[in-house]
Amino acid sequence: MIFQGKARHPVTEIIFHCADTRPDWMARHLLTEKVAEIRRWHVQERGWRDIGYHWVVDRDGANAPGRRETDIGAHVEGHNRGTIGICLLGGYGASADDPFAKNYTAAQAEAAKQLIADIKGRTTIRLVSGHNDYAAKACPGFLVARWIRHK
Ligand SMILES: [Zn+2]
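Source: prediction; values computed, not measured.

Quick notes on the rules
- Per chain, residue numbering runs from 1 following the sequence as it is written.
- Restriction of local features to residues with pLDDT of at least 70 applies here, the model being predicted, together with a cutoff of 80 or more for giving and counting side-chain atom pairs; totals for whole chains, interfaces and linings are based on all residues.
- Hydrogen atoms and water are omitted, and side-chain values are computed over all heavy atoms in the structure.
- Distances decide who is a donor: an N, O or S atom must be within 2.8 Å of the metal, or within 3.2 Å for Na, K and Ca. Water is not included, so sites may look incomplete.
- In this scheme, a residue with accessible area under 20% of its type's maximum is buried, one over 50% is exposed, and one in between is partly exposed, where area comes from a 1.4 Å probe on protein chains only.
- Note on terminology: a nonpolar core comprises buried Ala, Val, Leu, Ile, Met, Phe, Trp, Tyr and Cys residues joined through side-chain atoms within 4.5 Å.
- Secondary structure elements follow DSSP: runs of H or I of four or more residues count as helices, runs of E of two or more count as strands, with numbering from the N terminus.
- Residue contacts follow a heavy-atom distance rule, with two residues in contact if any of their heavy atoms lie within 4.5 Å.

Structural notes on the coordination of the zinc ion
So, step 1. Around the zinc ion, the donor atoms from the protein are H17 (ND1), H131 (ND1) and C139 (SG), and they sit 2.0 to 2.3 Å away.
So, step 2. Written as a sequence motif, the donor arrangement for the zinc ion is H-x113-H-x7-C. Pair check on accessibility: H131 and C139 agree, each one buried.

What to know about the nonpolar core
So, step 1. Core analysis: the biggest nonpolar cluster contains 24 residues, and I14, F16, I86, I119 and F142 have the highest contact counts within it.
So, step 2. Residue assignment for this core shows that the elements contributing at least two residues are β3 (13-18), β4 (55-57), β6 (83-88), α3 (106-120) and α4 (144-150).
So, step 3. Ranked by residues supplied to this core, first place goes to α3 with six residues.
So, step 4. Excluding anything up to four places from it in sequence, I14 contacts I84, I86, I116, I119, I125, L127, V128 and S129.
So, step 5. By size, the runner-up hydrophobic cluster in this structure holds 10 residues, among which are A19, I51, Y53 and A64.

In short, shape yes, function no, at least from these values alone.
Shown next, in the form of structure tokens:
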């Protein structure tokens, strides 16, 4: 199991997000630089102590860690304890019920599936959801439950 924070909340859920970036955003930069830019948005512009997400998945399917999995994230109001936040790069202009492939690449689909499997190997995941399951937002730009059923 993965436990978060001092109170050791067990991690039981994965929640997907998008970066709300265009497909070619920082395209010539390394993924670590993209993660650093998102961290800067969250730390400097929002005043958080670190990037809000635990994982970031690039357009080419590479992934990089954000906040440590053992730290409580900052990605869904009221649902940060015991959840892992995964951010997919892209999603700019997306609607909540778009097909996954409208806003993301096949490599991202593969990487996201692998990341889910990896996390399930470390803790007991009971639910894989999206930001739009908890808030009136488009993020992550697809219906996670539908995508999970058909992936
Ligand atoms: Zn989100």
